[in-house]
Number of protein chains: 2
Amino acid sequence: MGVTLPLHNCERSVKLFIAYPEVVAATSGVLRIGLAQINPTVGDLAGNVAVITSTYDKALAQGCDVVAFTELCITGYPPEDLVLKAGFVADNRAAMLSCAEHTSDCVAVIGFVDTDQQGRLFNAAAICSGGLVRGVYFKELLPNYGVFDEQRYFTSGLDVPNRPVLFRIGGVLVGITICEDIWTADGPVRSQAQAGAALTLNINGSPFHRGKIGEREEMLSERARENRCAVAYVNQVGGQDELVFDGGSMLLSHDGTLLARSPQFVEDLLVADLELPSGGTSKDSVAIEVSTVAKRQNSIARAVITPRCTDLEELYGALVVGVRDYVRKNGFTDVVIGLSGGIDSALVATLATEALGANHVHGVSMPSRYSSVGSETDAAKLAANLGIELQTISIEPAFQAYLDMCAPSFAGKPVDLTEENLQSRIRGTTLMALSNKIGWMVLTTGNKSELAVGYFTLYGDSAGGFAVIKDLLKTTVYELCNHINRRTGTERIPQAIIDKPPSAELRPDQRDDQSLPPYDVLDAILSLYVENDRTAAEIITLGHDPGLVRRVARLVDLNEYKRRQGPPGVRVSTKAFGKDRRLPITNAYRG
Amino acid sequence: MGVTLPLHNCERSVKLFIAYPEVVAATSGVLRIGLAQINPTVGDLAGNVAVITSTYDKALAQGCDVVAFTELCITGYPPEDLVLKAGFVADNRAAMLSCAEHTSDCVAVIGFVDTDQQGRLFNAAAICSGGLVRGVYFKELLPNYGVFDEQRYFTSGLDVPNRPVLFRIGGVLVGITICEDIWTADGPVRSQAQAGAALTLNINGSPFHRGKIGEREEMLSERARENRCAVAYVNQVGGQDELVFDGGSMLLSHDGTLLARSPQFVEDLLVADLELPSGGTSKDSVAIEVSTVAKRQNSIARAVITPRCTDLEELYGALVVGVRDYVRKNGFTDVVIGLSGGIDSALVATLATEALGANHVHGVSMPSRYSSVGSETDAAKLAANLGIELQTISIEPAFQAYLDMCAPSFAGKPVDLTEENLQSRIRGTTLMALSNKIGWMVLTTGNKSELAVGYFTLYGDSAGGFAVIKDLLKTTVYELCNHINRRTGTERIPQAIIDKPPSAELRPDQRDDQSLPPYDVLDAILSLYVENDRTAAEIITLGHDPGLVRRVARLVDLNEYKRRQGPPGVRVSTKAFGKDRRLPITNAYRG
């Protein structure tokens with residue numbers, strides 16, 4: 001079937017516009033709604049089309065009247081600067097059209113990048129059925145904060161005349177919105193509801209942070225209640241660079257009651273029947289007629305409300321999905337991890353094993369003259385518990401070689417951090433050699449507390465492809481390890497690893513607390529300084545030790561250049577060391 | 001003197017508002033204008049205040065009626081996420097007020113971050129004299145493309161009612177605009193000119209790229225002509241992370257004629273007398289009365305038009321300033337560079353010597369079993385020409401140690417890139433050891449062609465604090481080296497280094513052209529793919545070899561993860577591998 005409508009400027013191109021007089025809905029009908037919680041890959045247009053069309057077929061087989069896919073599902077979200085390539089945008093439109101051509105009598109809502117004759121780009125949703133694009137909605141509220149740069153790319157639908165547009169699907173007036181659109185009370189949901197929409201279909205690429213699913217549910221419930229409009233919310237799942245999308249798609253009635261929810265972190269097609277006012281007409285607006293009667297449903301699609309994960313369980317889920325998708329979507333199967341016998345590498349190895357399978361995780365113990373016996377035995381115990389390979393490579397030969405090579409240059413200078421960094425860099429280089437030779441991706445093991453204050457070696461322990469726990473404060477590392485042991489009911493992570501005092505073991509009898517304050521004290525300051533954008537002066541007024549706060553703040557600022565050269569990792573907080581925190585390296589502010 | 005005006009919402013707070021009837025200007029006067037082309041440091045509020053007040057004093061001593069400072073000069077430009085700290089914004093306002101208090105009868109225009117009671121932020125200019133803030137202008141057009149993220153931070157002045165506002169200075173109606181504001185024909189310059197402005201003062205933090213000063217002059221001339229309004233354009237100088245600001249402040253008459261220009265890349269106070277219609281009144285607008293009569297000038301401030309740099313000379317200037325400011329603003333005095341005897345490290349050492357002085361540049365030759373004799377003698381010749389220190393550290397002991405350490409893990413696998421990467425990583429680790437022990441910043445030597453296709457070793461030759469020539473294609477490296485020798489009239493960079501075929505010398509008889517196409521062919525493709533956002537398919541239709549284009553495009557995409565972990569460097573093109581190119585790492589697009 002051919003597509004007859006140009007996609008831009010759908011007001012002009014859609015021939016079925018009817019401006020109805022104001023009439024109250026006279027009857028009601030049952031709409032079967034599918035929410036396609038899929039895991040697209042950025043840039044993989046053909047692969048994403050395949051996922052969309054095969055999921056469409058499932059929704060069709062289950063008798064759906066409408067199935068909604070996720071925001072920019074054609075390109076994967078977020079496509080970033082790929083959309084600045086006109087050729088990419090053209091390819092994405094062709095991919096969307098191939099999905100549209102695939103549709104029959106179930107309406108599909110498909111996220112893609114649209115463009116107009118002026119070359120402006122829109123974060124758009126195509127409403128398709130019967131092989132045709134029936135209309136296109138342009139996202140109105142474009143987030144440009146945190147990890148979001150949408151105003152860099154897209155023009156708002158508000159800059160296009162003649163909105164709002166509703167769609168009659170199965171006799172029900174339906175409004176379409178995209179992600180951010182629904183987070184504001186006076187946004188397009190209100191105007192669409194006022195125009196007569198009984199249901200808003202909201203398609204999302206909403207990244208995870210801890211507790212966000214609760215915020216979403218509360219917001220969606222409020223949006224439904226205040227507009228007397230049912231809400232169908234579909235969200236992407238899976239990892240994309242530093243972002244993880246947790247799914248958790250939801251259906252809420254017009255009074256804000258949660259009717260159905262998908263699980264988090266897995267693909268899902270949520271199907272539910274929803275009774276909605278039918279036959280109503282649009283006020284002060286236009287409605288595109290897609291279908292006037294819902295399909296006759298032979299059986300009831302029972303709504304399932306999957307319980308929300310607990311806090312630590314959703315954190316665990318996010319990290320597992322984040323590492324799995326980063327590794328696999330980048331063409332790797334196996335990872336290698338330096339196992340020091342410490343808690344950070346133990347957690348990373350445990351997460352990687354869950355994500356990839358024990359056969360795909362390779363541990364390397366790299367002892368030096370300063371390594372304790374306990375470290376090696378603890379690493380061995382962990383590897384045995386996880387069922388992963390462990391090899392041992394002593395770094396002594398290279399360490400001695402460097403000391404000899406540099407001796408003339410170092411003459412007369414005392415031993416200092418240089419020698420500690422050398423050991424860490426030898427370990428990083430050794431892991432990278434294994435990576436290069438065998439094709440394993442190196443996972444780094446630094447946590448957010450260490451990254452914040454620079455308690456790591458650039459090109460040493462920070463060397464690798466993915467920094468799994470870079471957004472976990474050290475106190476959270478402990479919480480999560482204890483949680484993992486509780487959930488497995490065993491000492492999967494040996495208790496000795498959890499209990500021993502943290503040490504980098506880069507000089508005799510070294511312990512972290514010789515260089516850093518206790519982690520609970522440090523993390524409290526970091527949470528304020530890094531995650532909440534407070535100044536040192538403000539944190540001091542909250543009662544923290546002035547000298548310590550100044551020192552920690554200075555360390556955070558000074559180490560920006562090191563963090564900037566680290567690998568990406570899973571974002572789980574509202575402010576990770578990634579694209580949601582854009583501090584200058586050259587920065588003389590000492591407030 | 002106290003400041004009496006709240007800074008936000010200046011319409012309400014300024015008491016001198018007078019809405020004049022429409023009257024044509026009756027007379028003319030001479031305004032002495034100072035353009036303060038300064039080099040602030042981001043975050044250094046006290047330091048920036050000191051530069052502003054001392055420059056103000058010079059302008060005052062030279063009899064200026066008005067002196068304009070640069071965009072966000074209080075904070076330094078761009079302050080990035082620093083402005084998300086409310087404490088920082090408060091400190092920046094206090095710093096601006098201290099500058100305002102310093103003013104007497106010369107009007108100062110000072111860029112700072114303003115905020116209103118809703119907590120919205122504005123990219124603002126304070127118009128100050130007599131110790132008071134007379135009014136505040138809010139930037140209207142906020143760039144959010146390329147390296148700019150201003151919509152992430154700021155609200156547009158267009159979202160504040162009752163604009164435009166003009167300022168009467170020395171009897172002349174003056175409009176204030178900020179950077180991007182002047183780049184659009186139907187922007188605030190037009191509305192201000194229509195309201196009666198005879199002069200627009202445009203303050204800038206306009207980053208350099210090659211040839212931009214010519215684009216600016218053309219645009220400013222057009223803006224002046226079409227509005228019959230003189231233009232005073234002041235721009236920041238100096239380096240800030242990857243950005244370089246080139247200054248080149250200009251004064252143009254109402255007919256678009258260039259009257260004065262500052263040199264590029266150095267601080268300057270440009271003072272010039274400009275005859276302007278005086279005593280006119282503002283139409284359909286409000287004017288804040290600052291001073292009705294220009295000071296009586298005893299002598300004429302002669303306008304100087306500094307000639308524009310030639311293309312390669314401005315490139316040279318940008319690189320020298322970029323490395324100098326990055327090193328010094330980050331608290332370093334000395335740098336260390338691995339001198340391979342190749343052209344890239346030769347260029348970097350030459351630029352660093354110009355920027356920092358020969359005593360502050362340290363070369364290290366790190367031969368391996370694969371190094372040619374010529375490489376060592378060429379490096380020695382270069383060091384002698386530049387007058388810099390050169391030490392030699394053979395990497396053989398560490399190389400052999402790693403080979404021995406890894407032998408069990410590598411058993412049965414052929415020699416491959418792993419062994420090449422090992423050598424490069426040993427060199428990187430050695431330079432970092434010198435950096436750690438002695439306090440030198442490591443400068444890396446990779447060029448844009450190599451970075452694009454991944455022809456470098458992560459944690460090896462890419463390890464360091466600043467990547468001086470990362471935005472120079474290899475063909476440009478050659479051009480610039482030849483230019484340097486021409487400008488010095490000597491073989492400052494030994495001709496042997498320029499003439500020999502490029503080689504990484506990581507295996508016997510290695511040459512770049514065994515792995516890569518000739519650089520002129522490669523660079524032509526990279527220019528299209530990277531700098532012009534063309535897809536591989538589009539480049540092929542332009543006549544380039546299909547297989548080669550596909551291979552190069554694939555290499556560029558595959559190596560995003562490596563580039564992401566590299567240090568910043570000087571941006572000189574319209575699209576560097578930095579914050580103006582935000583491609584996903586996980587990216588399956590093969591168009």
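Cut-offs applied
Here the residue numbers are simple positions, counted from 1 along each chain's written sequence. For this description, chains carry letters from A and ligands carry numbers from 1, given in the order in which they are written. For this predicted model, a pLDDT threshold of at least 70 governs which residues receive local features, and a threshold of 80 or more governs which side-chain atom pairs are given and counted, while totals over whole chains, interfaces and linings are taken from all residues. Helix and strand assignments come from DSSP, with helices taken as H or I runs of at least 4 residues and strands as E runs of at least 2, each series counted from the N terminus. As defined in this context, the radius of gyration uses C-alpha atoms, and a globule is described by 2.2 Å times the residue total to the power 0.38. Labels follow a simple rule on C-beta atoms placed from the backbone: if 20 or more others lie within 10 Å of a residue's own, it is buried; if 12 or fewer, it is exposed; otherwise it is partly exposed. The atoms used to superpose the copies are C-alpha atoms, taken from residues with pLDDT of at least 70 in both, and the fit is least squares. Whether two residues are in contact is decided by their C-beta atoms, placed from the backbone, lying within 7 Å. An automatic or database domain assignment supplies the residue ranges for each domain. Throughout, the ten residues Ala, Val, Leu, Ile, Met, Phe, Trp, Tyr, Cys and Pro are labelled nonpolar, Asp, Glu, Lys and Arg are labelled charged, and all others, Gly among them, are labelled polar. DSSP calls a pair of strands paired once it identifies at least 2 bridges connecting them. All axes are obtained by fitting lines to C-alpha atoms, using only the stretch in contact for helices, and the reported angles, taken between N-to-C directions, cover 0 to 180 degrees. An angle below 35 degrees is read as roughly parallel, one above 145 as roughly antiparallel, one from 65 to 115 as roughly perpendicular, and any other as oblique. When the near helix sits turned anticlockwise from the far one by under a right angle, the crossing is termed left-handed; a clockwise turn instead gives a right-handed crossing. Looking at any residue, its pLDDT shows the predictor's confidence there, from 0 to 100. Take the number of residues in a helix, subtract one, and multiply by 1.5 Å to get its expected span. By definition, the arc is the one covered by directions from the helix axis to the C-beta atoms. Remark: nonpolar core denotes a set of buried Ala, Val, Leu, Ile, Met, Phe, Trp, Tyr and Cys residues whose joining runs through C-beta atoms within 7 Å.

**Description of the overall build of chain A**
Check the secondary structure of chain A and you find 18 helices and 21 strands. Computed over its C-alpha atoms, the radius of gyration of chain A comes to 27 Å, within 12% of the 25 Å expected for a compact globule of 591 residues. By its C-alpha atoms, chain A is 90 × 50 × 45 Å across when sized along the principal axes. Taken over 591 residues, chain A has a buried fraction of 58%.

**As for the relation of the copies chain A and chain B**
The operation relating chain A to chain B is a screw motion whose rotation component is 180 degrees, with 0.0 Å of axial translation and a residual RMSD of 0.0 Å. Taken together, the rotation angle and the small translation identify this as a two-fold axis. Among all C-alpha atoms of chain A, that of Gln565(A) lies closest to the rotation axis, at 2.1 Å. Take the interface residues of chain A: 100% of them recur as interface residues in chain B, which is what a same-surface contact looks like.

**Quick notes on the domain arrangement of chain A**
All names here are of chain A. Per the domain assignment, the segments of chain A are domain 1 (18–300) and domain 2 (312–508). Counting from both sides, the interface comprises 9 residues of domain 1 and, opposite them, 9 residues of domain 2. Elements with a contribution of two residues or more to the side of domain 1 that touches domain 2: β11 (237–240) and β12 (243–246). Split by residue class, the side of domain 1 that touches domain 2 holds 3 nonpolar, 4 polar and 2 charged.

**Side note on the environment of Leu583(A)**
Looking at the element boundaries, Leu583(A) is found in the segment after α18 (560–564). Its 22 C-beta neighbours within 10 Å are what place Leu583(A) among the buried residues. Taking C-alpha positions, Leu583(A) is 8.5 Å from Asp557(A), a pair spaced 26 residues apart along the chain. Look past the residues within four positions of Leu583(A) in its chain and what remains in contact with it is Glu560(A), Glu80(B), Asp81(B) and Leu82(B).

**Some thoughts on the interface of chain A and chain B**
Every contact between the two is made by 70 residues of chain A and, on the other side, 71 residues of chain B. Secondary-structure elements contributing two or more residues to the side of chain A that touches chain B are α3 (86–102), α4 (150–153), α7 (311–329), α10 (396–410), α11 (417–438) and α16 (536–541) of chain A. It is α11(A) that contributes the most residues to the side of chain A that touches chain B, 13 residues altogether. Across the side of chain A that touches chain B, the residue classes break down as 30 nonpolar, 23 polar and 17 charged.

**Focus on the pairing of strand β16 (residues 335–338) of chain B**
Residue and element names in this part refer to chain B. Side chains Val335 and Ile337 of β16 all project onto a buried face; the interleaved residues Val336 and Gly338 project onto the opposite face, where all are buried too. Two strands pair when backbone bridges link them, and β16 and strand β17 (residues 361–365) are joined in this way by 4 bridges, in the parallel orientation. Directly across from Val336, in β17, lies its bridge partner His362. Bridge analysis of β16 against strand β19 (residues 441–444) gives 2 bridges, and the strand direction is parallel. Paired with Val336 across the two strands is Val442, which belongs to β19.

**Brief notes about the environment of Gln117(A)**
Relative to the helices and strands, Gln117(A) is located in the loop between β4 (107–115) and β5 (121–129). Each C-alpha atom, one on Gln117(A) and one on Ala383(A), is 59 Å from the other, the two residues being 266 residues apart in sequence.

**Quick notes on the sheet that holds strand β21 (residues 466–467) of chain A**
On the basis of which strands lie adjacent, the open sheet formed by 5 strands has the order β19-β18-β17-β20-β21 (chain A) and parallel pairing. With one partner strand each, in any of the chains shown, β19 (389–392) and β21 of chain A form the two edges of the open sheet.

**Points about the packing of helix α15 (residues 519–531) of chain B against helix α17 (residues 546–558) of chain B**
All names here are of chain B. Remark: α15 packs on α17, axes separated minimally by 10 Å, with the N-to-C direction vectors making an angle of 60 degrees. Taken as axis vectors, α15 and α17 run oblique relative to one another. In the crossing of α15 with α17, the sense of the turn from one axis to the other is right-handed. For the pair formed by α15 and α17, the contact residues are Leu522, Ile525, Leu526, Tyr529 and Val530 on the first element and Val549, Val552, Ala553 and Val556 on the second.

**Comments concerning the confidence of the model for chain A**
All names here are of chain A. For chain A, the average pLDDT comes to 93, and 95% of its residues sit at 70 or higher. This stretch, residues 1–25, has a pLDDT under 50; its non-local contacts, to residues over four places away or in other chains, come to 51 contacts. Interface confidence for the predicted complex, given as ipTM, is 0.93, next to a pTM of 0.94.

**A look at α17(B)**
Residue and element names in this part refer to chain B. Across its 13 residues, α17 extends 18 Å between first and last C-alpha, which sits within 8% of the 18 Å expected from 1.5 Å per residue. Along α17, the residues classified as buried are Val549, Val552, Ala553, Val556 and Asp557. Buried residues along α17 cover an arc of 135 degrees about the axis, so they all sit on one side. Contact partners of the buried residues in α17: α12 (448–453), α15, α16 (536–541) and α18 (560–564).

**Thoughts on unusual backbone geometry**
Negative phi characterises most residues that are not glycine, and trans characterises most peptide bonds. With an omega of -10 degrees, the peptide bond running from Tyr77(A) to Pro78(A) counts as cis. Mapping Pro78(A) onto the fold places it in the loop between β3 (66–68) and α3. The phi dihedral of Arg228(B) falls on the positive side, at around 50 degrees, and the residue is not glycine. Positionally, Arg228(B) belongs in the loop between α6 (212–227) and β9 (230–235). Phi is positive for Glu505(B), which is not a glycine, with a value near 50 degrees. Here Glu505(B) is to be found in the loop between α14 (495–499) and α15.

**What about the environment of Gly130(A)?**
Along the chain, the position of Gly130(A) falls in the loop between β5 and β6 (132–138). Sequence separation between Gly130(A) and Cys99(A) is 31 residues; the distance between their C-alpha atoms is 11 Å.

**Describing the nonpolar core**
Buried together is how nonpolar side chains tend to be arranged in soluble globular proteins. Val323(A), Ala352(A), Val323(B) and Ala352(B) are the most contacted members of the largest nonpolar core, which totals 182 residues. Apart from the residues lying within four places of it in its own chain, the contact partners of Ala352(A) are Val323(A), Val335(A), Ile337(A), Val361(A) and Leu443(A). If you look at the next biggest cluster of nonpolar residues, it comprises 92 residues, including Cys64(A), Val67(A), Ala100(A) and Ala224(A).

**Concerning the sheet that holds strand β8 (residues 199–204) of chain B**
Residues and elements named next belong to chain B. Read from one edge of the open sheet, 7 strands run β13-β12-β9-β8-β7-β6-β15, paired in mixed fashion. Edge positions in the sheet fall to β13 (258–261) and β15 (286–289), since each of these pairs with one other strand and no more. Direction aside, the axes of adjacent strands within the sheet are offset by 25 degrees on average. Where strand β6 (residues 165–169) lies against strand β7 (residues 172–178), 3 bridges are found, and the strand directions are antiparallel.

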